[in-house]
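The chain contents come next:
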Amino acid sequence: MEKKNKESFGSKFGIIAAAAGSAIGLGNIYRFPCEAGANGGGAFFIVYLAIVLFMGLPLMVTEFVIGRRSGKNPVGAFKSLAPGHKGWARLGYLGVICSFLILAFYCTVAGWTIDAVWKAITNYYHGKDLATVQFGFDSLKEETWQPIICEAVFVFLTAFIIIKGVTKGIEKYSKILMPILLGILIILGIKALTLPGAAEGVKFFLKPDFSKINGTVVVNALGQAFFSLSIGMGILITYGSYIAKNDNLTSTAFSVCICDTIIAILAGIVIFPAAFSFGITPEAGDSLAFVTLPMLFNQMAGGYFFCLFFFVLLTIAALTSSISLLEAPVLYFTEELGISRKKATTYSAIGVFVLCIIASLSLHSDTCLKIGSFSFFNLLDYITATFLMTIGGLLTVIFLGWKMKKEDFYDEFTNDNTVNMRLRKAMYFIIKYISPLAITVILITQFIK
Ligand code: TRP
């Protein structure tokens, strides 16, 4: 988003597309299958859906309400809605720090995506067997320069889009491109489901084994939901500040949650049946996306083009997310510290890139950038998704429920008593009591472990 001239999104579709652009990305196609695979498949999936509906949606509404009410970026929003309570502005800073850390993780994975685009262009995957494709991906992580160059390309593209102020332009294209991504996923799903042995994968992903639900599954589902919906760090507060006064915030948030969840489900429906069919275990993590998918393309008529299109579109989906992440520190530097947009973007991008280099080097098998069995890369992901975002989300709902005036919430939520009149009490109750309680309980169980 560009300047704060308080114009609002042109249309309701505009805001949904922009927020969905931030939400849909590597989180859906790369991270969701990793988490689902590592946390028991169906058990994770059912918990995930419940969390999106009962915690993700209310939190997204909360961020939209805070944003539209204040008309400001997160730091400014907390300052203006709770004057005299300086501490709350720090919540905005938490989001800024969190963006840096997530971006470092994100750009590393995006680097692999760029590498996959290159491999697709050069027809590298063609005719290769599983062992070879797997070996190629594993060696990429062991390389020094190749991943760093790919990451540099991605960080550069992100910064370039922000400096040029063409974020809106990109969002415009993504309105056309993301439905194409959806279309390709559907075709891939059909192909995956017809592979021999696919049924096992479907069963793994969709059939919940309730005995597998435990604290770890719940906390991971919570982290994944926050990550995938881009909530808990105040990023959507900024989006909220651009939403027109007569837009229905609840239905907007609902649409974004639906779009995001559909893409994640489709990713699961493509990846697990294919993985089971090829003999890749669901705990394979990074390989689930970066090995299974190329192998699937290999089996398809027109595989070359599907593969190329898919990874290009995935890169674009990742870009619309990474620009929303980089926008957070940039907005803070420009609005609160008065630094020019170009400088703010350049410095932030350099900072991200440095962290990103460390993250990708930490994946070498002979690295010293590990704490126990945790590489710096995993650590970034774990700290942000498990703690920072959930704590950020917790504080955000507490802010709305306990610091903001109830009437302010009602006015904003109902567009001055015109929509959602019946829903407002239930939503307020969830935001004020249920969400904080649930997040606290989940976090405490994780801390005890
Ligand atoms: N939601 C994005 C994805 O799924 C990643 C992302 C973009 C994000 N902006 C965010 C995550 C803000 C957390 C917070 O790929």
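Above this text sits the structure in question.
As the structure is a computational prediction, the values presented were derived from the model and not from experiment.

A. The environment of L182, seen in detail. When you line up the elements, L182 lands in helix α8 (residues 167-193). Of the residues examined, L182 reaches a relative accessible area of 30% and is grouped as partly exposed. Setting aside anything within four residues of it in sequence, one finds L182 in contact with I262, I263 and L266.

B. How the structure looks around empty space enclosed by the protein. This structure, assessed with the given rule, holds five cavities of 30 Å³ or more. Within this model, the largest cavity holds a volume of roughly 180 Å³. Considering the residues around the largest cavity, the lining is formed by 21 residues, among which I235, T238, E327, A328 and L331 are closest to the centre. Going through the elements one at a time, α4 (74-81), α5 (89-121), α8, α11 (235-240) and α15 (303-337) are the ones with two or more residues in the lining of the largest cavity. Classifying every residue of the lining of the largest cavity by side-chain character gives 11 nonpolar, eight polar and two charged. Counted as a void, the second largest cavity has a volume near 140 Å³. Taken together, 16 residues make up the lining of the second largest cavity; nearest its centre are S22, I102, F227, S230 and L325. Mapped onto the lining of the second largest cavity, the elements with two or more residues apiece are α1 (12-23), α2 (26-38), α5, α10 (215-229) and α15. A total of three residues in the lining of the second largest cavity trace back to one element, the largest contributor, which is α15. Of the residues assigned to the lining of the second largest cavity, the class counts are nine nonpolar, seven polar and no charged.

C. Structural detail: the site of the ligand. Taken together, 17 residues are adjacent to the ligand, and A23, G27, Y106, F227 and S230 come closest. Contacts to the ligand include N28, whose side-chain N or O atom sits 3.4 Å from an oxygen atom. Interatomic distance of 3.0 Å between a side-chain N/O atom of S230 and a nitrogen atom of the ligand. When the free accessible area of the ligand is taken as 360 Å², the share hidden by the protein chains comes to 100%. If you map the ligand onto the pockets, it falls in the second largest cavity. Only α1, α2, α5, α10 and α15 provide two or more residues apiece to the shell around the ligand. Within the shell around the ligand, the residues separate by chemical class into nine nonpolar, eight polar and no charged.

D. Up close: the packing of helix α7 (residues 145-163) against α15. For the pair α7 and α15, the least separation of the axes is 9 Å and the interaxial angle reads 60 degrees. Our pair here, α7 against α15, has a crossing hand that is right-handed. Facing F154, L157, T158, A159, I161 and I162 of α7, the residues of α15 in contact are T315, A318, L319, S322, I323, L326, E327 and V330. Among the residues making up the contact of α7 with α15, the classes are represented as 10 nonpolar, three polar and one charged.

Reading guide: rules and limits
- Residues numbered from 1 in each chain as written.
- Predicted model: local features only at pLDDT ≥ 70, side-chain atom pairs only at ≥ 80, totals over all residues.
- Heavy atoms only, no water.
- Helix = DSSP H or I, 4+ residues; strand = E, 2+ residues; numbered from the N terminus.
- Buried < 20%, exposed > 50% of the residue type's maximum accessible area, 1.4 Å probe, protein only.
- Contact = heavy atoms within 4.5 Å.
- 1 Å grid on protein atoms, 1.4 Å probe; cavity = no way out; pocket = protein on both sides within 12 Å on 5 of 7 lines; lining within 4 Å.
- Points joined across faces, edges and corners; volume = space filled by probe spheres on them.
- Nonpolar A, V, L, I, M, F, W, Y, C, P; charged D, E, K, R; others polar.
- Near = heavy atom within 4 Å.
- Polar contact = N/O pair within 3.5 Å; in protein donor to acceptor, adjacent residues only side chain to side chain.
- Areas by Shrake-Rupley, 256 points an atom, 1.4 Å probe, with all protein chains shown as cover.
- Sits in = over half its atoms within 2 Å of the grid points.
- Axes fitted to C-alpha atoms, helices over the stretch in contact; angles between N-to-C directions.
- Left-handed = near helix turned anticlockwise from the far one by under 90°.

Nothing here speaks to function; it is geometry throughout.
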